[in-house]
Structures are given as C-alpha cells and as structure tokens.
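So you can see what is in the structure, the chains are spelled out below.
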Amino acid sequence: MPSHLFADRPAQPPESGSVDALISQTRRLRGGLDAVRRDTVVDDDDVQGRWQRALCDLAVHHLDDLREHLDQLKEGLPPAPAPEDLPDPGPEAGAEAAVQTRVGSAEWNLLTDEVSWSEELFQIFGRSPEAGPLPLDELGSTLFSEDQPLLTAMVTACLVDGKPIDGEFRIVRADGRVRTLHMRGEPVLDSDGCTASMWAVLRDVSELRRSQRAVRESRDSLQRRREIAQTEHRLAVELQEAVLPPWRGSLRFPHGTTGALDVAAHYLPSASSVLIGGDWYDALELADGCSLLTVGDLTGHGVTATSGMAMMLGALRGMAMAGIEPGPLMGWLNQLLEASAQPALGSAVCCRYDPARRTLSWAQSGHPAPLLFRGGAGRALVPPEGVLLGATSGAAYGQAEERLETGDVLVLHTDGLLSRGTGAFRSDGIERLLALAPRVTAARSAQDCLRMVVEEFGEGQREDDACVLVARVAD
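Everything quoted here is computed from the prediction, not taken from an experiment.

Help me out: how do you make sense of the sheet that holds strand β8 (residues 280–285) in this one?
Strand pairing in a sheet takes place through backbone hydrogen bonds and is either antiparallel or parallel in direction. Strand order in this open sheet of 5 strands is β8-β9-β10-β11-β14, and the pairing throughout is antiparallel. Each edge of the open sheet is held by one strand with a lone partner, namely β8 and β14 (400–403). With strand direction ignored, the average angle separating the axes of adjacent strands in the sheet is 15°. Of the pairings in the sheet, the one linking strand β11 (residues 359–364) to β14 comprises 4 bridges and is antiparallel in character. Looking at β14, one finds that Trp362 is bridged to Ala400. Strands β8, β9 (291–298) and β10 (346–354) of the sheet are contacted by helix α8 (residues 303–321), whose axis makes an angle of about 20° with β8.

Quick question: what am I supposed to make of the packing of α8 against helix α9 (residues 326–339) here?
Each pair of packed helices can be described by the angle between their axes along with the distance between the axes. The N-to-C vectors of α8 and α9 enclose an angle of 145°; their axes lie 10 Å apart at closest approach. You can see that α8 and α9 cross each other, and the crossing is right-handed. In this structure, α8 uses Met311, Met312, Ala315, Leu316, Met319 and Ala320 to contact α9, whose residues at the interface are Leu329, Trp332, Leu333, Leu336 and Leu337. Looking at the contact of α8 with α9, its residues break down into 11 nonpolar, no polar and no charged.

Explanation requested: the sheet that holds strand β2 (residues 115–117) in the structure shown.
In space, the 5 strands of this open sheet follow the order β2-β1-β5-β4-β3, with antiparallel pairing throughout. Whereas interior strands pair on both sides, the edge strands pair on one side only; in this sheet they are β2 and β3 (165–172). Neighbour-to-neighbour, the strand axes of this sheet turn through a mean angle of 25°, independent of strand direction. Direction of pairing for strand β4 (residues 178–189) relative to strand β5 (residues 195–204): antiparallel, over a ladder of 9 bridges. Across the sheet, the residue bridging to His182 is Arg203, located in β5. Helix-sheet contacts for helix α6 (residues 148–161) involve β3, β4 and β5, and the interaxial angle to β3 is about 145°. Here helix α7 (residues 206–243) sits on the sheet and contacts β3, β4 and β5; the angle it forms with β4, its principal contact strand, is near 120°.

Got a minute to help me understand the packing of α7 against α8 in this structure?
Relative to each other, α7 and α8 sit at 15°, their axes nearing to 8 Å. Here α7 is positioned roughly parallel relative to α8, judged by the angle of their axes. α8 is crossed by α7, and the crossing has left-handed handedness. Residues Glu232, Leu235, Ala236, Leu239, Gln240 and Val243 of α7 form the contact with α8, whose participating residues are Val303, Thr306, Ser307, Met309, Ala310, Leu313 and Arg317.

Even after reading the chapter, I still don't get the nonpolar core, so can you show me in this structure?
Proteins that are soluble and globular tend to have nonpolar side chains buried together. Residues Val263, Trp280, Tyr281, Leu293 and Leu469 are the most contacted members of the largest nonpolar core, which totals 51 residues. Considering each element in turn, this core owes the most residues, 6 residues, to α8. The contact partners of Leu469, leaving out residues within four places of it in the chain, are Val263, Ala264, Ala265, Tyr281, Asp282, Ala283, Leu293, Thr294, Val295, Leu410, Val411 and Leu412. With 23 residues, the next largest nonpolar core counts Cys158, Ile171, Leu181 and Ala200 among its residues.

Please clarify how empty space enclosed by the protein should be interpreted in this entry.
In total, this model carries 1 cavity of 30 Å³ or more according to the counting rule given. Empty space within the largest cavity amounts to approximately 30 Å³. Surrounding the largest cavity, Leu286, Leu292, Ala320, Ile324, Pro326, Leu329, Cys350, Cys351 and Arg352 form its lining. Those elements that place two or more of their residues in the lining of the largest cavity are α9 and β10. Sorting elements by how many residues they give to the lining of the largest cavity places β10 first, with 3 residues.

Just checking my understanding: could you explain α7 for this structure?
Over its 38 residues, α7 extends 54 Å from the first C-alpha to the last, a length consistent with the 56 Å expected when each residue adds 1.5 Å. Within α7, burial applies to Ser206, Leu208, Ser211, Val215, Ser218, Ser221, Leu222, Ala236, Gln240 and Val243.

What exactly am I supposed to notice about the pairing of β4 here?
Two faces belong to every sheet, and in a regular strand the side chains alternate between them. Pairing of β3 with β4 involves 8 bridges; the strand directions are antiparallel. By the bridge assignment for β4, Asp166 is matched with Arg184. The hairpin turn running from β3 into β4, its antiparallel successor, is 5 residues long, and Gly176 in that turn takes a positive phi close to 90°. The antiparallel hairpin formed by β4 and β5 contains 5 residues in its connecting segment, where Gly193 sits at a positive phi of about 85°.

I keep staring at the packing of aromatic side chains and nothing clicks. Help me out?
Any two aromatic rings considered together are summarised by their centre-to-centre distance and by the angle between their planes. Taken as a whole and assessed by the stated rule, the structure comprises 2 aromatic pairs. Relative to Phe122, the ring of Trp117 lies with its centre 5.2 Å away and its plane at 55°, an arrangement referred to as tilted. Each member of the pair Trp117 and Phe122 is classed as buried. Centre to centre, the rings of Trp117 and Phe125 are 5.0 Å apart; their planes meet at 40°, and the pair counts as tilted. Clustering of aromatic rings is evident, with ring pairs tying together Trp117, Phe122 and Phe125. If you follow Arg170 out to its NZ or CZ, it ends over the ring of Phe144, 4.3 Å from the centre.

Looking at this model, I keep getting lost on the side chain of Ser206. Mind explaining?
As for its position among the elements, Ser206 is in helix α7. At a separation of 3.4 Å, a polar atom in the side chain of Ser206 contacts the side chain of Arg179. A distance of 2.7 Å separates the side chain of Ser206 from the backbone nitrogen of Thr180, its partner in a polar contact. Apart from the residues within four sequence positions on either side, Ser206 is in contact with Arg179 and Thr180.

The rules we used
Residues numbered from 1 in each chain as written. Predicted model: local features only at pLDDT ≥ 70, side-chain atom pairs only at ≥ 80, totals over all residues. Heavy atoms only, no water. Pairing = 2+ DSSP bridges. Helix = DSSP H or I, 4+ residues; strand = E, 2+ residues; numbered from the N terminus. Axes fitted to C-alpha atoms, helices over the stretch in contact; angles between N-to-C directions. Contact = heavy atoms within 4.5 Å. Left-handed = near helix turned anticlockwise from the far one by under 90°. Nonpolar A, V, L, I, M, F, W, Y, C, P; charged D, E, K, R; others polar. Parallel < 35°, antiparallel > 145°, perpendicular 65-115°, else oblique. Core = buried A, V, L, I, M, F, W, Y, C linked by side-chain atoms within 4.5 Å. Buried < 20%, exposed > 50% of the residue type's maximum accessible area, 1.4 Å probe, protein only. 1 Å grid on protein atoms, 1.4 Å probe; cavity = no way out; pocket = protein on both sides within 12 Å on 5 of 7 lines; lining within 4 Å. Points joined across faces, edges and corners; volume = space filled by probe spheres on them. Expected span 1.5 Å × (residues − 1). Phe/Tyr/Trp six-rings, centres within 6.5 Å; stacked < 30°, edge-to-face > 60°. Lys NZ or Arg CZ within 6 Å of the ring centre and 35° of its normal. Polar contact = N/O pair within 3.5 Å; in protein donor to acceptor, adjacent residues only side chain to side chain.

See below:
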C-alpha cells in the first residue's frame, strides 16, 4: 500500500481548467461575501446583527479553506527550492505563516520507528524541522491534559483494531499558542495484514471552531434575548390588563340623576403588538357624586412603562377620590414622577364632571385636549397651562371649565390614536376626527360613538398603542 505522506498534496492533480473554474467561483463568492460584511453595521447591543456577522465570518473561513485546498490541488507537489533561494524570514513572518497554515500530514512507521512530517505540520505545531518530528508516544505531550485520553484511545483503536482516526484535540505550541487540530488517519497494513505504519492528515481548525463558537454564542444570546422579550411582553400585558378598568361595553354614572355620563373606552395596540406602552384610560364615580375621566401616556415600552403607568393611575385615582381638583392633582402627579426611581416623562388629561352643574373641570400636562362634539360640529377645548409630567420641578398646572349640554360628546385620546405609519401629521388626524361630528352627535350611545372612532382609526399600521375614551351626556 503506498504511503499517505503529503496526502494533502496529490501527486497527480486533475486538469487545471476545471480547478481554475472552481477557484474563480470561490473568489467570486468570497468577494460577494466581503461586500455583505462591509455593509453589515453591528452595534454592541445588536445581538441579531452580531449573529449575522459571526455567520459571515464562519463562511469566510470555509471559503478560505476551500480556496487553499483548490490551490494545492492545482499546484500538486512543487519542487523544493534551493536553500540559498529562500529568504530569511523574521520571527514575525514565521508566526504569521504558522497561523495561516492549516493542513499538514505525517506517517509513523512502527517497524523502523521512522517518523515523517510534512513542512506544514512542523509549522502547525510551531516546531523547528531541526528538532525533528514527534514520535507517536510523545505526540500526546503537546495536548491539553483533558484531551490526551482521546488521542490515546484513537491511536490504540487504529493500531490494534485497525479503525480509522477521526477526532479533534487541542495542542499548546512551543510559543504558547493554543490551536485546535482535526486529525484523520488510517493504519497501513503489511503483506501479512499487520499494522506496519499509521498515516494521518492534521488540519488546524482553530479559526473555524472560533467562528462556529461565535455563531453558537451569538445565536444563544439572541435566543435568550427573545425569551426575555417574550417574558417581559407577557408581564407587561398582564400588568396592563390588571391595571386598566375591567369593564367592557359602556358605563353610566352617577346612577339615578339627570345629566349622567354614558362612557365607553377602548385600547388599541400598535401594529407590531409587541410595543406595550404606558397608555391608560379610566372613568370613575367619585364619592361626592362627580365623575373622573382621564387618559394619559408615559414614555417607554414594556414592563417599565406599564409599571410606571400602574403607579401613576393608582395615585390619580386616590387623589381624585380624596376630592383634589384636576389642576392641583396634576402638580402632585408631576412631583410623584420626579421622585420615581425610573425617570420618565408623561402626558395626561384629567377631567372632573359635576352632573348637578353639568360643568367639566379639567387640566392637562402636554396632552392633546379633549374634543367636544355638539350639534353636528366638533372642536378642541382650549387647553389650560400645563407641561409634561416629570419635565420641570415644581411646575404649576392650570384648570379650565366647560359647561356641557345634553347630547354633548367628549372624546379623550392619547397621541398614538393619530400617529400612523403612513407619516400623516397629527393635525390631519384631528381633522379626520372632527369630520366625524355629524355622525357622532347623531349617535344614541357612547358605545356607538366609540365604534365610529375605532373604525376610522383602528385599521392600518399604527406606530404606537393608543387609548380612546368617549363620554356622552345622557338625556
């Protein structure tokens, strides 16, 4: 059986034309992949981007390996240059060559104890040819201690049972560098069927394994991020459902009095349904017979926003029930948000409706004003003074009053209702909303009015979630 020494360099290469075509294809693929890598901008927090970049790096290593093997296949075994023709490489050049070299071969003769290594294998091990190749029983001394039993088992199975060798292990080179090698080999039998020698091809797969490890780690990191995002989304939804009013349909309060309010509200999720924000709505009958109407929004998304919304809405309910008027109430909410451990900005509208006087007292903090529909027309109420919650310490908030009539309809909403992915301005959205006035004022219930608004604004690609609350002064 012929020796397998220099198995990585076949003595009779195939026709150069077919190999040249494969080399050209590999180079074109490599160039295209380089273009993709250049166009891939990866941020430190972009887990998916890092995973994609790691896959590109892994593909680069595969293509570089393929091109190197094709080059060897084309060249065959070149003639050895004369020693005087060889340049004198410095230590840095030798180290670089050692890193770039990936495939070497060896043969261990069991009958003569002769060992033959290719030049590439000396470079892979970082070993000088003058020091000679390592005998089979000394090869394990270069391995990590935990990898030595694997090599022993593979060599024993090859020499004793005639099994082929196929495995990986790590070595520590003479310069201290750690490399990962893939070893494939077979026993060479003599005429009597006994093992006479063993040959092997060793491939340095350090960069390949590093790239695979990067792909695996980035993929695992991306999966963990997705699981965390799914958990946070579920918690945010559960918290939002626990905090927002549980009623469905419409409410009517105070009971048994003229001028009562018929109220309906709805939450509209964003187009992605992943961005759970800090939007809220609420309607509450107060202890003095008045009614509370409110909508608002905190900056941010996820658990942080919904937990902040829960804090704000709980405080708002408590202060309204204690009889605090909308203007001063906004000032207390501003102080609460300033003192919060999680800084945020918020906007809100807080209305207090007195059915006996049919007056609406209200305040706002950088929020869209309520819309009043009456007699087939609609208009936005003139907002009192008020800045975003959490924006200015000690801010003062004004309070306005509006007298309502039977059949009047109030529409309170958050910004997200009029923010569309099509790029429409909020003013255009308000025009569309006010254009519903004839239909809204002709409706017989708050639920019918709400349905009209949701049908007009509930479809399409919404950038953010939104809340809308409709209150109609009952007959």
